[in-house]
Amino acid sequence: MLARALSGTVFGLDGVRVEVEADIADGLPGFHIVGLGDRALQEARERVKIAINNSGFQFPGRKVTINLAPAQLPKEGSGFDLAMAAAIVNAGEDRDLPGDAAWLGELALDGSVRAIRGTLAIVAHLDRLGARRFYVPTANVAEARIATAAPVLGIGHLRQLKAHWEAGEPLDASVVSEAALPAPPPSVDLGEVAGQPHAKRALEVAAAGAHHLLLVGPPGAGKTLLARALPGILPPLNRREAVEVTSIASCVGMLPAGAGLLELPPFRAPHHTISPAALVGGGGAAPRPGEVTRAHTRWPALAGTPFCRPASSWWRRPIPAPVVLPATLAESANARRSSDSATGPDCPDRSAIASICRSWSPDNRRASSCART
Amino acid sequence: MRANLSAETSAAVRERVVGARRRQQERRPHGPLNGALTGPQLRRDAPLDAAGQTLLETAAERLQLSGRAVHRVLRVARTIADLETSTSVEQAHVAEALQYRESG
């Protein structure tokens, strides 16, 4: 007996369609998952089995095999739990699941459905491929609705599905728990920054034209303070930018549960000892976005970025080019765009605008500049 | 330091930034902002007046600017012109853009 359920995952920042096939055959009772799943996916065996039994369904006492297609794509995470449960339950009853319905969600042992990462990117991709109904965790409904006009049904517990299938009870399409959006970054008002008129003007020009900006100066000159004033002078994101920012936040797990569209440009302040891979992204089987990507919009901001080697040699590429493609990961995370950096003086790179923060002195006559000449 | 605290607030600066962005979007409704304009786009969007042209050429020669560097200066100059609601890029805009270069 066989049943299929449509699902998906993220690879880098892009949604990928994954078909979950469940087969129940005679043989020794067991539960196998094939299709290059990682550890979290192998552990889904326990989650799915127990969740099914705790929700009023019966896990089949026969040989259950799950295949995740395409089989050669490395898959990770727990987002296939719901699709697996739906496929297994329906395979047991020899019932077909509609081919244009997508299933996303992680299961808890009691059968409740937990939020997953990357819902927006997956739903957007499956929507383009023709999916016409989405079953997602209740906490991801708001996010999924951004990406599709098709019905998005929030599932809080497997029992709701049982009632839906067996008694025809409608799934609630309206449950959205609006979570509080993340507070805007503590923005410094330019009016509170003493002096540095030249750097303030550079900030304004860079913000107006989305130019790269590099602040150079000795410790304490005010580079970071000025960088922190950036969010306060930026215009709000337009719809397309907001969707991109929300999708990235969702993929890296920074979107609060229940949140919808993020409307503020991200501001990242990585530690100055950050590794190259953490800065521009990288990874093994599946690429992971770095800080550059997390700061993505047309005009992101990173403060305190290292411009010393080796991070700077990785940094060299994202500044002039719109897309970063580490050589080993052709399909890598689209670590896009440039950034603004506040940085120490030993900077080997060039930006369109390099504003020199002068050391402050009471009358500015002793102001010293540390620009390399 | 206290004397300097009467500086312009972020809200006032933001208003000018929003205005400059609006002018860029009017010029290219779906295109890039000034920071990402390509060479051909710059030729169309950033017409230099005679004095500006002379200054840019002189600077390019004196400072030995590469082609990429000239475009970078021109992009910044275009933005400065947008902030001052000027359709063409004038000498003063080029001059200000040049001084934002990290060296020279």
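Draft legend 1. Structural detail: the pairing of strand E8 (residues 133–137) of chain A. Residue and element names in this part refer to chain A. Burial of E8 is extensive: four of the five residues sit out of reach of the surface. Where strand E5 (residues 101–103) lies against E8, three bridges are found, and the strand directions are parallel. When the bridges of E8 are listed, Ala102 appears paired with Phe134. Note that E8 and strand E9 (residues 152–155) share four bridges and pair parallel. Following the sheet pairing, Tyr135 is matched in E9 by Leu153.

Draft legend 2. Expanded view of helix H1 (residues 10–27) of chain B. In a regular helix each residue adds 1.5 Å, so 18 residues correspond to 26 Å; H1 of chain B covers 26 Å between its end C-alpha atoms and thus fits that length. Its buried side turned inward, H1 of chain B meets helix H7 (197–209) and helix H9 (230–233) of chain A together with helix H4 (67–83) of chain B.

Draft legend 3. The nonpolar core, seen in detail. Residues and elements named next belong to chain A. Counting 63 residues, the largest nonpolar core has Val20, Leu82, Met84, Ala85, Ala87 and Ile88 as the members making the most contacts within it. Considering every element that reaches this core, the biggest residue donor is helix H3 (residues 81–92), with nine residues. The residues that make up this core include at least three from each of domain 1 (2–167) and domain 2 (190–356). Aside from chain neighbours lying at most four places away, what touches Val20 is Arg4, Ala5, Ser7, Ile66, Leu68, Phe80, Ala83, Met84 and Ala87.

Draft legend 4. View of the environment of Lys223 of chain A. Tracing the backbone shows Lys223 of chain A in helix H8 (residues 223–228). Considered as a pair, Lys223 of chain A and Gly260 of chain A are 37 residues apart in the sequence and their alpha carbons are 33 Å apart.

Draft legend 5. Layout of the pairing of strand E1 (residues 2–11) of chain A. All names here are of chain A. With respect to burial, E1 is a largely interior element, nine of its 10 residues being buried. With 10 bridges connecting them, E1 and strand E2 (residues 14–25) associate as antiparallel partners. Opposite Ser7, over in E2, you have Val18 as the bridge partner. Counted between consecutive antiparallel strands, the loop separating E1 from E2 contains two residues, among which Gly12 sits at a positive phi close to 70°.

Draft legend 6. Focus on the domain arrangement of chain A. Residues and elements named next belong to chain A. For chain A, the assigned domains are domain 1 (2–167) and domain 2 (190–356). Counting residues at the interface gives 16 residues for domain 1, matched by 21 residues for domain 2. Contributing elements (two or more residues each) for the side of domain 1 that touches domain 2: E1, helix H4 (119–128) and helix H5 (141–147). Class assignment of the residues belonging to the side of domain 1 that touches domain 2 gives a composition of 10 nonpolar, three polar and three charged.

Criteria and cut-off values
Residues numbered from 1 in each chain as written. Chains lettered and ligands numbered in written order. Predicted model: local features only at pLDDT ≥ 70, side-chain atom pairs only at ≥ 80, totals over all residues. Buried ≥ 20, exposed ≤ 12 C-beta atoms within 10 Å, placed from the backbone. Helix = DSSP H or I, 4+ residues; strand = E, 2+ residues; numbered from the N terminus. Pairing = 2+ DSSP bridges. Expected span 1.5 Å × (residues − 1). Contact = placed C-beta atoms within 7 Å. Core = buried A, V, L, I, M, F, W, Y, C linked by C-beta atoms within 7 Å. Domains from an automatic or database assignment. Nonpolar A, V, L, I, M, F, W, Y, C, P; charged D, E, K, R; others polar.

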